[in-house]
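One letter stands for each residue in the lines below.
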Amino acid sequence: MRTVSIAAVLAIAALFAVAAPRAQTAPYDILIRNARIVDGTGSPWYRGDLAVRGDAIAKIAWRIDAPAARVIDAGGHVVAPGFIDLHTHARRGIFEVPTADNYVRQGVTTLIEGPDGSSPLPIKPFLERIAATHITPNFGLFVGQGSIRDAVIGSINRKATPAEIEKMRGLTRQGMLDGAFGLSSGLFYVPGTFTPTDEVIELARVAGSMGGIYISHMRDEASAVVASVKETIEIGEKGGLPTQVTHHKIIGKGNWGKSVDTLRLIDEARARGVDATIDQYPYTASSTSIQAALMPAWALEGGRDDLLKRLHDAGRRNELKKETTRLIMEERGGGDPQNVQLARCNWDHSLDGKRLGDVTKGRGLAPTVENAAETALWLVEQGGCSGIFHAIGEDDLQRILRHPATMIGSDGEVPIFGQANPHPRSYGTFVRVLGRYVRDLKTITLEDAIRKMSAFPAQRIGLADRGVLREGLKADIAIFDPATIRDLATFEQPHQYAEGVTHVIVNGQIAFENGKMTAARPGRVLYGPSTK
Ligand SMILES: [Zn+2]
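Because the structure is predicted, anything quoted here is derived from the model rather than measured.

**Section: the confidence of the model for the protein**
Now for step 1: Predicted confidence across the protein gives a mean pLDDT of 94, with 95% of residues reaching 70 or more.
Now for step 2: A low-confidence stretch, residues 13-23 stays under pLDDT 50, and its non-local contacts, those more than four residues away or across chains, total 1 contact.

This is the structure:
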């Protein structure tokens, strides 16, 4: 029976070989100890431990003693839900930098794209490409009204026919079915600017009936900002859906202070039952193309060839220059050509980062506003540039930030580290709020700031399983030191990562720790309400 007993021993050994590691397997994959838990709801922080199993938060308690595969001692630092950014242009760069370091290093775990009326169309193949790329943060989309109008009518200033409206409604419906979280618009931009309010409402109704929200870069953020907020509220009210003023700001010195009126409008709308909200980035400069910021919409109709024709017609050019002069004086130019900074000129990168006044001087002209306007036209003729416009009021910024219906959104992109001169918001938005506006200026509390970055945006787009630290929800988590967290990216030197975030977890996997991105690519495509 000797052979049998050996077989028996082997069988028992085999059993142990399977059973032994199982017996030693920790009940948790990650255990975060000594945390100052800010849960995202706005409730005061509390001390505790938090355990993760798989992709979810398994337990939160005063003390968790069970073993875990990985223990992180938070050392009393803040443990918060990963931040959710409802306004990103992350398709600029996400395929080149799928780890989205600039965002993840701030604690951002979810990026929503397709704002300002501009989205991929159709969105389904784009989301499939994101899924196949294996990126680090989660990713979702809005479908863009401008992209829809462009597909059906083109870049033309005219009303839509009933048949065209029906087509656009169909594209909105398809976008929602494909997974959009709602409809975005950019009524400031071509072709959004050619859209009458009623036409936007027609599409908003479709998105709203399918559970989506409306989010708008408004028609105007300068002299007509109050009327634009009214329009945004009207679209929500008549469209029957939640409506959001995105990257709310007051542009142009002459308009500073108007946030008193715009916030009152939001309060009044909310009081009568209109679900109107706001998002914001914490900088006093905006960013868009030189042509969008410093040229009137009529000049841009039809696209670049038509624009160049107008620039070559002396009479039209003169008219245009007058309008550009006015825009530098009263709107995005902030009254001084030095307030206009070139971000990226693809045809001459030596201009990247330079101020419009200096570029004007460099062309041998006195840096008057008229000459700066002439230089702006020249820049557009050469191929155009993206720009940064220092013309937003700080008092308005803080007033908007304090409003309970305001959340944080970056309006950023995924830069390739060291390339061009992007707006620093891509690297610093969330940590700047936590460092400058919570710790240094005490504009809002830590708990309120976290709410504006997590539970509030999650709730806004119906992400019921993220945005709050609670057992059973997805383990998207940011750990940071509230005493040292700060943004380093500046308008002059934007390519600087944020400081103070120590760990970032996405879907239960550590994506960032010890100052380095890990090899994990845990991000998922998130689908909107019509797909559930
Ligand atoms: Zn925008």
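**Structural notes on the state of the cysteines**
Now for step 1: Going through the model one piece at a time under the given rule, you end up with 1 disulfide.
Now for step 2: Between cysteine 345 and cysteine 385 runs a disulfide, and the two sulfur atoms are separated by 2.3 Å. Given an S-S torsion of about 110°, the disulfide between cysteine 345 and cysteine 385 has right-handed geometry. Of this pair, cysteine 345 sits in the loop between β15 (340-344) and α13 (356-362) while cysteine 385 sits in the loop between α14 (369-382) and β16 (386-389), and the two are 40 residues apart along the sequence.
Now for step 3: By relative accessible area, which is 0% here, cysteine 345 ends up buried.

**Notes on the coordination of the zinc ion**
Now for step 1: In the first shell of the zinc ion, the protein supplies Asp116 (OD), Asp116 (OD), His217 (ND1) and His247 (NE2), at 2.0 to 2.5 Å from the metal.
Now for step 2: Around the zinc ion, the 4 donor atoms sit at angles spanning 54 to 146°, and that spread fits a shape best called irregular.
Now for step 3: For the zinc ion, the donor residues sit on a single chain with the sequence spacing D-x100-H-x29-H. Of this pair, histidine 217 sits in strand β11 (residues 213-217) while histidine 247 sits in the loop between β12 (243-245) and α8 (259-271), placing them 30 residues apart in sequence. We note that histidine 217, like histidine 247, is buried.

**Structural notes on the pattern of salt bridges**
Now for step 1: A full pass over the atoms with the stated rule returns 41 salt bridges.
Now for step 2: Of the charged contacts in the structure, one is a salt bridge between lysine 321 and glutamate 374, with a shortest N-O distance of 3.7 Å. Linking lysine 321 in helix α12 (residues 314-330) with glutamate 374 in helix α14, this pair joins segments that are 53 residues apart in sequence.
Now for step 3: Measuring nitrogen to oxygen at the nearest pair gives 3.1 Å for the salt bridge that ties glutamate 499 to arginine 486. One end of the pair, glutamate 499, is in the loop between β18 (477-480) and β19 (501-506); the other, arginine 486, is in the loop between β18 and β19, and 13 residues separate them in sequence.

**What about helix α15 (residues 394-402)?**
Now for step 1: Buried within α15 are the following residues: Asp396, Leu397, Gln398, Ile400 and Leu401.
Now for step 2: Among the structural elements, α8, β13 (276-280), β17 (406-408), α16 (425-440) and α17 (446-453) are those in contact with the buried residues of α15.

**Quick word on the nonpolar core**
Now for step 1: Phe83, Phe139, Leu434 and Phe480 are the most contacted members of the largest nonpolar core, which totals 66 residues.
Now for step 2: In this structure, phenylalanine 480 is in contact with His77, Val78, Ala80, Phe83, Leu434, Leu446, Ile450, Ile485, Gly500, Val501 and Thr502, ignoring residues within four places of it in sequence.
Now for step 3: One finds Ile328, Leu342, Ala373 and Leu379 within the second-largest nonpolar core, a separate group that totals 27 residues.

**Quick word on the sheet that holds strand β7 (residues 108-113)**
Now for step 1: Taken in spatial order, the 3 strands make up an open sheet running β6-β7-β8, and their pairing is parallel. The outermost strands of the open sheet, each flanked by one partner alone, are β6 (83-85) and β8 (138-141). Adjacent strand axes in the sheet meet at a mean angle of 15° when their direction is disregarded.
Now for step 2: Bridge analysis of β6 against β7 gives 3 bridges, and the strand direction is parallel. When the bridges of β7 are listed, isoleucine 84 appears paired with threonine 110.

**Brief notes about the sheet that holds β11**
Now for step 1: Taking strand neighbours across the sheet as the criterion, the 6 strands line up as β9-β10-β11-β12-β13-β17 in an open arrangement whose pairing is parallel. Each having just a single partner strand, β9 (143-144) and β17 make up the two edges of the open sheet.
Now for step 2: Against the sheet, helix α7 (residues 225-239) touches β11, β12 and β13, its axis set at about 165° to β12.

**Some details on the packing of aromatic side chains**
Now for step 1: Applying the stated criterion across every chain, the model contains 9 aromatic pairs.
Now for step 2: Relative to phenylalanine 139, the ring of phenylalanine 126 lies with its centre 6.0 Å away and its plane at 45°, an arrangement referred to as tilted. You can see phenylalanine 126 sitting in helix α3 (residues 124-133) and its partner phenylalanine 139 sitting in strand β8, a full 13 residues away along the chain. The same class applies to phenylalanine 126 as to phenylalanine 139, namely buried.
Now for step 3: Three or more aromatic residues link up through ring pairs in this structure, and these residues are Phe95, Phe126 and Phe139.
Now for step 4: If you follow arginine 129 out to its NZ or CZ, it ends over the ring of phenylalanine 95, 3.5 Å from the centre.
Now for step 5: Above the face of the phenylalanine 188 ring, arginine 332 is positioned so that its terminal group lies 4.7 Å from the ring centre.

Calculation rules
- Residues numbered from 1 in each chain as written.
- Predicted model: local features only at pLDDT ≥ 70, side-chain atom pairs only at ≥ 80, totals over all residues.
- Heavy atoms only, no water.
- pLDDT = per-residue confidence, 0-100.
- Contact = heavy atoms within 4.5 Å.
- Disulfide = S-S within 2.5 Å.
- Helix = DSSP H or I, 4+ residues; strand = E, 2+ residues; numbered from the N terminus.
- Buried < 20%, exposed > 50% of the residue type's maximum accessible area, 1.4 Å probe, protein only.
- Donors = N, O, S within 2.8 Å, 3.2 Å for Na, K, Ca; no water.
- Tetrahedral: all angles 85-135°; square planar, octahedral: opposite > 155°, others 65-115°.
- Salt bridge = Lys/Arg side-chain N within 4 Å of Asp/Glu carboxyl O.
- Core = buried A, V, L, I, M, F, W, Y, C linked by side-chain atoms within 4.5 Å.
- Pairing = 2+ DSSP bridges.
- Axes fitted to C-alpha atoms, helices over the stretch in contact; angles between N-to-C directions.
- Phe/Tyr/Trp six-rings, centres within 6.5 Å; stacked < 30°, edge-to-face > 60°.
- Lys NZ or Arg CZ within 6 Å of the ring centre and 35° of its normal.

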